[in-house]
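# Structure at a glance
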Amino acid sequence: MKVKENPLKEYSLQLFQEFNKFRTEPQSYYKESIKYYYDDVVKELIEAEKEKDLKLKWSTKKEIIINNIFNDQNVKQIKSKLILIKENFESIYDLIILFVQGKIGNVKESLWNVLDNLKKLDEKKFKEIILNKIDYCVIYSIKNEDLIFQDKDNDKNEDDDIVVSFYFLFNYLEDNTERSYNLIDSNAICW
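Figured I'd write up the structure that's included with this text. (Residues numbered from 1 in each chain as written. Predicted model: local features only at pLDDT ≥ 70, side-chain atom pairs only at ≥ 80, totals over all residues. Heavy atoms only, no water.)

Tracing the chain through its elements places Tyr167 in strand 3 (residues 163-172). With residues near it in sequence (within four places) discarded, Tyr167 still touches Leu15, Phe19, Ile96, Ile97, Leu98, Val100, Ser110, Val114, Val138 and Ile139. Within the structure, the side chain of Tyr167 is placed 3.1 Å from the side chain of Ser110, a separation counted as a polar contact. (Helix = DSSP H or I, 4+ residues; strand = E, 2+ residues; numbered from the N terminus. Contact = heavy atoms within 4.5 Å. Polar contact = N/O pair within 3.5 Å; in protein donor to acceptor, adjacent residues only side chain to side chain.)

The next thing to look at is the nonpolar core. By size, the foremost hydrophobic cluster in this structure holds 56 residues, and its most contacted members are Phe19, Phe166 and Phe168. With sequence-adjacent residues up to four places away left out, Phe19 is seen in contact with Leu56, Leu111, Val114, Leu115, Ile130, Cys137, Tyr167 and Leu169. (Core = buried A, V, L, I, M, F, W, Y, C linked by side-chain atoms within 4.5 Å. Buried < 20%, exposed > 50% of the residue type's maximum accessible area, 1.4 Å probe, protein only.)

Along the chain, Lys81 falls in helix 5 (residues 78-89). Here Lys81 is buried and forms no salt bridge, its nearest opposite-charge partner Asp72 lying at an N-O distance of 6.0 Å. Every residue in contact with Lys81, bar those within four places of it in the chain, is listed here: Ile69, Phe70, Asp72, Val75 and Lys76. (Lys, Arg positive; Asp, Glu negative; His and termini not counted. Salt bridge = Lys/Arg side-chain N within 4 Å of Asp/Glu carboxyl O.)

This next bit is on unusual backbone geometry. You will see that Tyr37, though not glycine, has its phi angle at about 65 degrees, which is positive. Counting through the fold element by element, Tyr37 comes out in the loop between helix 2 (30-35) and helix 3 (39-51).

This part takes up the sheet that holds strand 1 (residues 93-102). Strands sit in the order 1-3-2 across an open sheet of three strands; the sheet is antiparallel. At either end of the open sheet lies a strand with only one pairing partner, and these are strand 1 and strand 2 (136-143). Sheet twist, expressed as the average angle between the axes of neighbouring strands with direction ignored, equals 20 degrees. (Pairing = 2+ DSSP bridges. Axes fitted to C-alpha atoms, helices over the stretch in contact; angles between N-to-C directions.)

What follows concerns helix 3. For helix 3, spanning 13 residues, the distance from its first C-alpha to its last is 19 Å, which sits close to the expected 18 Å at 1.5 Å a residue. Buried within helix 3 we find Val41, Val42, Leu45, Ile46 and Ala48. The inward-facing, buried residues of helix 3 contact helix 1 (9-24), helix 2 and helix 7 (123-130). (Expected span 1.5 Å × (residues − 1).)

It is worth stressing that arrangement in space is one thing and function is another; only the former is reported here.
Here's what the structure looks like:
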């Protein structure tokens, strides 16, 4: 049985490219960053990118695993799917999972929202994560109407054109990791 590809893969790739561009060409975001109160971060990124390789890498192998779990009809709830994804990678990676709601065509807004969500995760670690290498990044997008948060389907509402994008940030575990950012012991996912 062939698993279907994510119908919003192109949108996810656009989000990835925008996030990548933010990290590798921060100077082009400076003016807009003032509006979102991230100008200090952009200034630090401008300095950091001179010394470090901040380019994000997409992992097709990880994307396939994530896609398979999202398409698994035996697991209905989104939180259960995210826990399964975490369990698949927890022995090798410190996995940060962020989610952003948005509309297709508004890729830049998603970037600022992912920064907000990352900052809410842990303000002290926020700059450390943004200003340093992320080993891999995969983004998976799904229509809001396709999300199931409980055992029963969501009620239809006026927000059915909303897309939810999950940002999976992978960093190899170090032997003495102080804190692992994952679903179980952090507030990375807030519904």
